[in-house]
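# An overview of the molecular structure
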Amino acid sequence: QKEVEQNSGPLSVPEGAIASLNCTYSDRGSQSFFWYRQYSGKSPELIMSIYSNGDKEDGRFTAQLNKASQYVSLLIRDSQPSDSATYLCAAGYNAGNNRKLIWGLGTSLAVNP
Amino acid sequence: ETGVTQSPTHLIKTRGQQVTLRCSSQSGHNTVSWYQQALGQGPQFIFQYYREEENGRGNFPPRFSGLQFPNYSSELNVNALELDDSALYLCASSPRQGTDTQYFGPGTRLTVL
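The sections below set out a description of the structure shown in this document.

Reading guide: rules and limits
- Residues numbered from 1 in each chain as written.
- Chains lettered and ligands numbered in written order.
- Predicted model: local features only at pLDDT ≥ 70, side-chain atom pairs only at ≥ 80, totals over all residues.
- Heavy atoms only, no water.
- Pairing = 2+ DSSP bridges.
- Helix = DSSP H or I, 4+ residues; strand = E, 2+ residues; numbered from the N terminus.
- Axes fitted to C-alpha atoms, helices over the stretch in contact; angles between N-to-C directions.
- Phe/Tyr/Trp six-rings, centres within 6.5 Å; stacked < 30°, edge-to-face > 60°.
- Buried < 20%, exposed > 50% of the residue type's maximum accessible area, 1.4 Å probe, protein only.
- Polar contact = N/O pair within 3.5 Å; in protein donor to acceptor, adjacent residues only side chain to side chain.
- Contact = heavy atoms within 4.5 Å.
- Buried area = accessible area lost by both parts, 1.4 Å probe.
- Salt bridge = Lys/Arg side-chain N within 4 Å of Asp/Glu carboxyl O.

Let us now look at the sheet that holds strand β3 (residues 19-24) of chain B. All names here are of chain B. Spatial strand order, β1-β3-β8-β7: four strands in an open sheet with antiparallel pairing. The open sheet terminates on both sides in strands that have one partner only, identified here as β1 (5-7) and β7 (64-68). Taking the axes of each pair of neighbouring strands and ignoring which way they run, one obtains an average angle of 20° across the sheet. Pairing of β1 with β3 involves three bridges; the strand directions are antiparallel. Note on β3: the bridge partner recorded for Ser7 is Arg22.

Now the structure itself:
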């Protein structure tokens, strides 16, 4: 059973702090990883994708991938109240001739002014 | 905005009825995936369509069916609605089969009474 696990939270950080969100995955064959942000009642919005070990930075967001540990993280620097949302981690895997995503349940982040 | 549209936005049905949800994929995207997301859960994969053919299916009963049209828009049909079908239904499009990056529409909130 392929799984992606996230701490459900809520994770609470003060405004301006670094928020660290973590995700582990079970399928060693997974090659692609995604972080989506989802506001309450809205659909998921793609923030970052990462495919190689190491860090990938995009503005205030940094994704980190460690395939040996089967671990993906998302750092949000200078957290803002508008970052308060649920963050979903997803891993891509081969399903026969197809590619599919498996999703975590999400981590709720609250940024306090 | 991802360019993926869904209709209707909200829908209320009664148990036993049938429902059709619609999705228009982003221009140039030929792969559409449908997800069900219950409150507090991650998206659950229903099925994927590529060039008008079903291209993988999750653990959903046959009363969940779909179509993809030549313009790559898609429909999700659910027969014999049950109370547990109440959820946010998400459509996501991808640029081509074999890529993992998915862009979500705004979703359809279905309530079954």
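Back to the text.
A word on unusual backbone geometry. Look at the link from Gly9 of chain A to Pro10 of chain A: it is a cis peptide, with omega at 10°. Among the structural elements, Pro10 of chain A can be located in the loop between β1 (4-6) and β2 (11-14). Residue Ser7 of chain B is joined to Pro8 of chain B through a cis peptide bond whose omega torsion reads -10°. With respect to the helices and strands, the residue Pro8 of chain B is situated in the loop between β1 and β2 (10-13). Of note, Asp78 of chain A is a non-glycine position whose phi angle comes to about 50°, a positive value. Along the chain, the position of Asp78 of chain A falls in the loop between β8 (71-76) and β9 (85-95).

Let us now look at the sheet that holds strand β7 (residues 61-66) of chain A. Residue and element names in this part refer to chain A. Read across the sheet, five strands follow the order β1-β3-β8-β7-β6 without closing on themselves; strand pairing throughout is antiparallel. Of all strands in the sheet, those with a lone pairing partner are β1 and β6 (54-58), marking the two edges. If you compare each strand with its neighbour and ignore which way they point, the axes differ by 20° on average. Where β7 meets β8, six bridges bridge the pair, whose relative direction is antiparallel. Counted as the bridge partner of Phe61 is Ile76 from β8.

The subject of this paragraph is the packing of aromatic side chains. For the structure shown, the criterion picks out ten aromatic pairs over all chains. Here Tyr35 of chain B and Phe104 of chain B contribute two aromatic rings whose centre-to-centre distance is 5.7 Å and whose plane-to-plane angle is 45°, an arrangement assigned as tilted. Of this pair, Tyr35 of chain B sits in strand β4 (residues 31-37) while Phe104 of chain B is found in strand β10 (residues 103-104), placing the two residues 69 residues apart along the sequence. Ring pairing ties together the aromatic residues Tyr36 and Trp103 of chain A together with Tyr35, Phe45 and Phe104 of chain B, which thus form one cluster.

Below, the discussion takes up the side chain of Ser43 of chain A. You can see Ser43 of chain A is positioned in the loop between β4 (32-38) and β5 (45-50). Here Ser43 of chain A falls in the buried class, since its relative accessible area comes to 15%. In terms of polar contacts, Ser43 of chain A uses its side chain to reach the backbone carbonyl oxygen of Gly105 of chain B, at 2.7 Å. When residues no more than four places from it in sequence are discounted, the contact partners of Ser43 of chain A are Arg37 and Gln38 of chain A together with Leu90, Phe104, Gly105 and Pro106 of chain B.

What follows covers the interface of chain B and chain A. On the chain A side, the residues contacting the 22 residues of chain B number 20 residues. Note on chain B versus chain A: buried area summed over both sides is about 1,500 Å², and carbon and sulfur give 53% of it. Ranking the residues of chain B by area buried against chain A places Pro43, Asp100 and Phe104 of chain B at the top, with a combined share of 33%. Applying the counting criterion to the chain B and chain A interface returns zero salt bridges. Of all the elements in the fold, those that place two or more residues in the side of chain B that touches chain A are β4, β5 (44-50), β6 (53-57), β9 (87-94) and β10 of chain B.

Now for the pairing of β5 of chain B. Residue and element names in this part refer to chain B. The buried fraction of β5 is high, at five of seven residues. Sheet topology note: the β4/β5 ladder contains six bridges and is antiparallel. Residue Thr31 lies in a different strand from β5, and its bridge partner there is Tyr50. In sequence, β4 turns back onto β5 through a hairpin of six residues, with Gly40 there showing a positive phi of about 80°. Pairing of β5 with β6 involves three bridges; the strand directions are antiparallel. Note on β6: the bridge partner recorded for Tyr50 is Glu53. Between β5 and β6, which pair antiparallel in sequence order, lie two residues; one of them, Arg51, sits at a positive phi of approximately 50°.

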